[in-house]
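So the chains spell out like this:
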Amino acid sequence: MRPRKPVLTLCLPLLLAGCATSAIEMAPERPDRPWTPAVTPGGEIVAGSPSRGSTVGGYVLPANPALGVIAPSPSLDTAKPYSLAELIDIAESTNPKTRIAWDEARRAALAAGIAESTYLPKITVTAVGGYQHSNGATGSESLRGTVAAASLLWLLFDFGERQAVVESARQASVISNIAFTAAHQQLIYDVSVAFYAYAAAQAGIETASASLRNAGAVQVAAEDRYKHGIGTVIEVAQARQAVAQAKLALVQATGGAQDSYLALITAMGISPLTKIKIADVSGRKLSASMVAPVETMISQALARRPDVLSAYAAEKASLANVRAAKAEFMPKVFVSATGSHNSGTLRVTGLPGFGGESPTMNVDSNRTGGIIVAGVTVPLFDGGRRAAQLDQARAAADSAKARLTQAQDDAVRQIAVADNALRTSLESVAAAEALVVAAQTTFDAALGAYRSGVGSSTDMTIAETQLLQAKNAATDAYSTALSSAATLALATGALGSAPDYGL
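None of these values were measured; they are calculated from a predicted model.

Rules behind the numbers
Residues numbered from 1 in each chain as written. Predicted model: local features only at pLDDT ≥ 70, side-chain atom pairs only at ≥ 80, totals over all residues. Heavy atoms only, no water. Helix = DSSP H or I, 4+ residues; strand = E, 2+ residues; numbered from the N terminus. Rg over C-alpha atoms; globule rule 2.2 N^0.38 Å. Buried < 20%, exposed > 50% of the residue type's maximum accessible area, 1.4 Å probe, protein only. Contact = heavy atoms within 4.5 Å. Areas by Shrake-Rupley, 256 points an atom, 1.4 Å probe, with all protein chains shown as cover. Lys, Arg positive; Asp, Glu negative; His and termini not counted. Charge placed at Lys NZ, Arg CZ, Asp CG, Glu CD. Phe/Tyr/Trp six-rings, centres within 6.5 Å; stacked < 30°, edge-to-face > 60°. Lys NZ or Arg CZ within 6 Å of the ring centre and 35° of its normal. Arc of directions from axis to C-beta. Pairing = 2+ DSSP bridges. Axes fitted to C-alpha atoms, helices over the stretch in contact; angles between N-to-C directions. 1 Å grid on protein atoms, 1.4 Å probe; cavity = no way out; pocket = protein on both sides within 12 Å on 5 of 7 lines; lining within 4 Å. Points joined across faces, edges and corners; volume = space filled by probe spheres on them. Nonpolar A, V, L, I, M, F, W, Y, C, P; charged D, E, K, R; others polar. Parallel < 35°, antiparallel > 145°, perpendicular 65-115°, else oblique. Left-handed = near helix turned anticlockwise from the far one by under 90°.

Draft legend 1. Molecular detail of the overall build of the protein chain. Across its full length, the protein chain carries 9 helices and 8 strands. What you see for the protein chain is a C-alpha radius of gyration of 38 Å, clearly larger than the 23 Å of a compact globule of 503 residues, by over 25%. Over its C-alpha atoms, taken along the principal directions, the protein chain stretches across nearly 140 × 65 × 45 Å. Here the protein chain, with 503 residues, has 33% of them falling under the buried criterion. In the protein chain, once contacts between residues fewer than 6 apart in sequence are set aside, the share between residues at least 24 apart is 76%. Counting every atom, the protein chain has about 29,600 Å² of accessible surface; 61% of that belongs to carbon and sulfur. Charge centroids of the protein chain, computed over 41 positive and 41 negative side chains, lie 9 Å from each other.

Here you go:
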């Protein structure tokens, strides 16, 4: 039996190595056959080899009932019309995006704390028990015992490497905090734009309803003219066709409003099944303060836009990384201390480290001992690793500087575009309002003439169509102006709360 031991010793690592390749059984067996995972009685997919059961379901995964539970909606008053500011408050407290950004900011802050902890000494306590057996010329010997040891390692001076690493981590925390603010600004923007789109959709319903009433009035006039022998069957048929088209437009407008409502609820980050009332902002005049000198806006934006501030912090972090890479070439001064007690007969000169810990030295049999040393380590040769890392850090710093310049250029361009869009949309609002007044006058006159028997059905149809188009254009221009103002506020980094444009 003794000759078999070396064979088993050699075969055991091979058998263990085979366990890694056997994990391929967890993957689908063939590229053209469904994967049928094993599941628990509750429906949860189990990691491991797939089930050998039927594949009748094809490429449909098993349902996990635990994941089919819809998150409850926040407690809201279904009878209260919510303003934009109130909707934004709800979104900021319920939308997962703000929670994720907050957690990322906390993670970055803790990373900075971890970097700062390198200034403190590293203390390790180790306790082991062991058995030692040896065969020699004088016979065999068995030793046993326990060893307890405490070690301290403290880096005293490193020519600013830790300081640079801490500075880089702190700037990373600043970047994460800026991203947290940017996430809130983006959320405010998304909810605002969705709110304005919903308001426009509601106004579209009102326009479609008014158009249906106008079409009904034309139909009554056409039927009255036909009864008195003035009109024709074609005019009555055309009037009824217009009514049918107006009904279809109302149905489409109502569906569009429902889609806009879902988009608003989705932007808020709450369940799409939530039913609440939205405050009406139609008919309110826009404030002249929506427009400011573009030069002033650009100057302020470059000083507070999240992407510009983030790029600036990234540049500072990259410069700190360069300093840390340079410090790798310098010596390091440290102090080390160890205290130990061996209560048995074990003969060991050091205890092995675990999990990245350094071994504990100065351990002897059946005695208590301690040592304190101070030293300097000087890196001499590493195959060019430090030089390559320094070049990498310098390249990253150069890229960070270029990204800052690019962020500033992008900010100027975005602000200029948003400012032009806002000014154009405000002019469109004024033009559309004048168009509605003129179209309404034309329609009223055409309807009056038609009822009196002196107007034509063609003029009546044209006037009705133009009035509908004018009202829709006015609604779109009003919504676009509000959205453009929100876009400009976001581009300048000033969208810190619910927009207030004098509504």
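This is not the end of the story, as more comes after the structure.
Draft legend 2. Spotlight on the packing of aromatic side chains. Applying the stated rule across the entire model yields 3 aromatic pairs. Of note, Arg225 hangs over the ring of Tyr450, and the distance from its end group to the ring centre comes to 4.2 Å.

Draft legend 3. Spatial organisation of the side chain of Ser479. Tracing the backbone shows Ser479 in helix H9 (residues 457-491). Classification of Ser479 as buried rests on a relative accessible area of 11%. Sequence-distant contacts of Ser479, that is, excluding residues within four places in its chain, are made with Tyr196, Ala197 and Ala200.

Draft legend 4. Broad picture of helix H6 (residues 294-304). Burial in H6 covers these residues: Val294, Met297, Ile298 and Ala301. Considered in projection along H6, the buried side chains sweep an arc of 100° and stay on one side of the axis. Exposed residues pointing more than 90 degrees away from the buried face of H6 are listed as Glu295 and Ala303. Where H6 is buried, its residues contact helix H8 (385-452) and H9.

Draft legend 5. Region of interest: the sheet that holds strand E2 (residues 122-136). The sheet built from 4 strands is open, its strands ordered E2-E3-E5-E8 with antiparallel pairing. Of all the strands in the sheet, the pair left with one neighbour each is E2 and strand E8 (368-377). The mean angle between the axes of side-by-side strands here comes to 25°, regardless of whether they run parallel or antiparallel. Relative to E8, strand E5 (residues 332-342) is paired through 10 bridges, and the arrangement is antiparallel. By the bridge assignment, Gly339 is partnered in E8 with Gly370.

Draft legend 6. Spatial organisation of empty space enclosed by the protein. With the rule as written, the count across this model stands at 2 cavities of 30 Å³ or more. What the largest cavity holds in volume is close to 80 Å³. Lining the largest cavity are Val218, Ala222, Glu235, Gln238, Ala239, Ala242, Tyr450, Ser457, Met460, Thr461 and Glu464. When contributions to the lining of the largest cavity are tallied by element, the ones reaching two or more residues are helix H4 (161-227), helix H5 (233-268) and H9. Classifying every residue of the lining of the largest cavity gives 6 nonpolar, 3 polar and 2 charged. Every residue lining the second largest cavity is listed: Thr207, Ala210, Ser211, Asn214, Phe443, Glu464, Leu467, Leu468 and Lys471. Elements that contribute at least two residues to the lining of the second largest cavity include exactly H4 and H9. Of the residues contributing to the lining of the second largest cavity, the split by class is 4 nonpolar, 3 polar and 2 charged.

Draft legend 7. Seen up close, the environment of Ser168. Looking at the secondary structure, you find Ser168 in helix H4. C-alpha of Ser168 to C-alpha of Pro31: the two residues are 137 residues apart in sequence and 46 Å apart in space. With residues up to four places along the chain from it excluded, the contact list for Ser168 reads Ala317, Ala320 and Asn321.

Draft legend 8. Examining the packing of H6 against H8 more closely. Two elements in contact, H6 and H8, have axes separated by 10 Å at closest approach and are oriented at 140°. Overall, the two elements H6 and H8 adopt an arrangement that is oblique. Two packed elements cross with a definite hand, and for H6 against H8 that hand is right-handed. Between H6, through Val294, Met297, Ile298, Ala301 and Leu302, and H8, the contact on the second element is made entirely by Gln408, Ala411, Val412, Ile415, Asp419 and Arg423. Split into classes, the residues belonging to the contact of H6 with H8 amount to 8 nonpolar, 1 polar and 2 charged.

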